[in-house]
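# Remarks on the overall topology
Residue strings, one per chain:
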Amino acid sequence: MKLLPCSAAKTSSPAVQSNVEDELEMATVRHRPEALELLEAQSKFTKKELQILYRGFKNECPSGVVNEETFKEIYSQFFPQGDSTTYAHFLFNAFDTDHNGAVSFEDFIKGLSILLRGTVQEKLNWAFNLYDINKDGYITKEEMLDIMKAIYDMMGKCTYPVLKEDAPRQHVETFFQKMDKNKDGVVTIDEFIESCQKDENIMRSMQLFENVI
């Protein structure tokens with residue numbers, strides 16, 4: 001079934017409107033979330049918090065799933081001063097753990113639980129997954145640069161008036177040299193976690209990443 005975008009098209013025809021509502025109701029039935037008790041066990045949220053989050057999620061997305069375009073639209077509202085399109089694309093892929101082109105309420109909660117209440121180790125694992133764009137288990141310099149450029153684009157030029165055009169590349173060169181311990185041109189998850197935990201500058205930079213979630 002084709003995934004419905006989160007907002008139904010507005011129309012003046014009652015018949016068409018009724019059809020749209022019927023379709024949304026069908027989608028809701030098909031994308032019913034797991035029992036809240038199960039999500040409570042799998043996340044660090046209480047049942048009450050999950051109920052509130054689900055209400056908000058359904059309000060934004062009656063179909064029960066978020067597609068990438070809608071995710072980008074929602075995300076752009078938080079960063080009007082910059083272009084968040086590319087970063088939102090990478091973030092969407094990190095939330096879409098089963099890579100089916102949609103983020104369900106379960107996907108959203110599992111990711112949010114780690115980002116808001118996870119241990120340092122869990123957050124770093126999640127961050128590694130974000131930076132590992134092609135999901136091959138390694139981070140290349142190019143992947144790190146793509147993410148860093150996307151963050152700079154999103155924060156907007158006005159946020160960083162003193163930064164030069166090549167600032168993201170310089171940033172990545174420094175970090176990559178520190179992380180790639182065996183100099184094989186890629187960063188493994190062990191190298192990534194070890195470097196982040198040992199280097200306060202890298203951890204501070206990771207805070208920047210956390211702030212733009």
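Within every chain, residues take consecutive numbers counted from 1 along the sequence as written. The model is predicted, so local features are restricted to residues of pLDDT at least 70 and side-chain atom pairs to those at 80 or more, both for listing and for counting; the totals for chains, interfaces and linings are taken over all residues. In computing side-chain values, all of the structure's heavy atoms are included and hydrogens and water are not.

In the annotation of an unreviewed UniProt entry, the entry for the protein reads Kv channel-interacting protein 4, and the organism field reads Panthera pardus. UniProt positions are given in the numbering used here, feature names are shortened, and annotations may be inferred rather than shown by experiment. Here the protein is described in UniProt, under the heading Sequence similarities (unreviewed entry), as follows: "Belongs to the recoverin family."

### Considering the nonpolar core
Counting 48 residues, the largest nonpolar core has Tyr87, Leu91, Leu130, Met144 and Phe192 as its most contacted members. If you tally residues by element for this core, the top one is helix α8 (residues 141-155), at nine residues. We call a set of buried residues a nonpolar core when its members are Ala, Val, Leu, Ile, Met, Phe, Trp, Tyr or Cys and they connect through side-chain atoms within 4.5 Å of each other. The buried label goes to any residue with under 20% of its type's maximum accessible area, the exposed label to any with over 50%, and the partly exposed label to all in between, with areas taken from a 1.4 Å probe on protein chains only. Counting from the N terminus, the helices are DSSP H or I runs at least four residues long and the strands are E runs at least two residues long.

### Topic: the UniProt feature "domain: EF-hand" (unreviewed entry) in the protein
Under the UniProt annotation, "domain: EF-hand" (unreviewed entry) lies at residues 83-118, 119-154 and 167-202. Along residues 167-202, the helical share is 72% and the strand share 6%, with 16 Å between the first and last C-alpha atoms.

### Re the pattern of salt bridges
Should a side-chain nitrogen of Lys or Arg be within 4 Å of a carboxyl oxygen of Asp or Glu, the pair is scored as a salt bridge. In the structure shown here, the tally under the stated rule is eight salt bridges. A salt bridge links Glu122 to Lys44, with the nearest nitrogen and oxygen atoms 3.7 Å apart. Pair noted here: Glu122 is in helix α7 (residues 120-131) and Lys44 is in the loop between α2 (36-42) and α3 (47-60), with a separation of 78 residues, a long-range link. The class for Lys44 is partly exposed, based on a relative accessible area of 37%. The shortest N-O distance in the salt bridge between Glu69 and Lys72 comes to 3.9 Å.

### Examining the side chain of Glu143
As for its placement among the helices and strands, Glu143 is situated in helix α8. Buried within the structure, Glu143 lacks any salt-bridge partner; Lys135 is the closest side chain of opposite charge, at an N-O distance of 7.7 Å. In the analysis that follows, any N or O atom pair within 3.5 Å is treated as a polar contact, provided that within protein one partner can donate a hydrogen and the other can accept it, and provided that, for residues neighboring in sequence, both atoms belong to side chains. Polar side-chain contacts of Glu143 include one of 3.2 Å to the backbone nitrogen of Ile133. Look past the residues within four positions of Glu143 in its chain and what remains in contact with it is Tyr131, Asp132, Ile133, Asn134 and Tyr138. When charges are counted, Lys and Arg contribute as positive and Asp and Glu as negative, whereas His and the chain ends are disregarded. Only heavy atoms enter the contact rule, under which two residues are in contact if any of them lie within 4.5 Å.

### Some thoughts on the packing of aromatic side chains
Two aromatic rings, drawn from Phe, Tyr or Trp (for Trp, its six-membered ring), form a pair once their centres lie within 6.5 Å of each other, and the interplanar angle then sorts them: stacked below 30 degrees, edge-to-face above 60, tilted otherwise. All told, the structure shown has twelve aromatic pairs when counted by the stated rule. Relative to Tyr75, the ring of Phe71 lies with its centre 6.0 Å away and its plane at 10°, an arrangement referred to as stacked. You can see Phe71 and its partner Tyr75 sitting in helix α4 (residues 68-76), four residues apart, about one turn around the helix. Take Tyr75: its relative accessible area is 7%, and that puts it in the buried class. An angle of 55° between the planes, with centres 6.3 Å apart, marks the rings of Phe71 and Phe95 as tilted. Remark: Phe95 occurs in helix α5 (residues 85-95) and Phe71 occurs in helix α4; sequence separation between them is 24 residues. Pair check on accessibility: Phe71 and Phe95 agree, each one buried. By way of ring pairs, the aromatic residues Tyr54, Phe57, Phe71, Tyr75, Phe79, Tyr87, Phe92, Phe95, Phe105, Phe108 and Trp126 are connected into one cluster.

### Topic: the confidence of the model for the protein
For the protein, mean pLDDT is 81; residues scoring 70 or higher make up 76% of the total. For every residue, the predictor states its confidence as a pLDDT score lying anywhere from 0 to 100. Within the model, the stretch residues 24-30 combines pLDDT values under 50 with eleven contacts to residues more than four positions away or in other chains.

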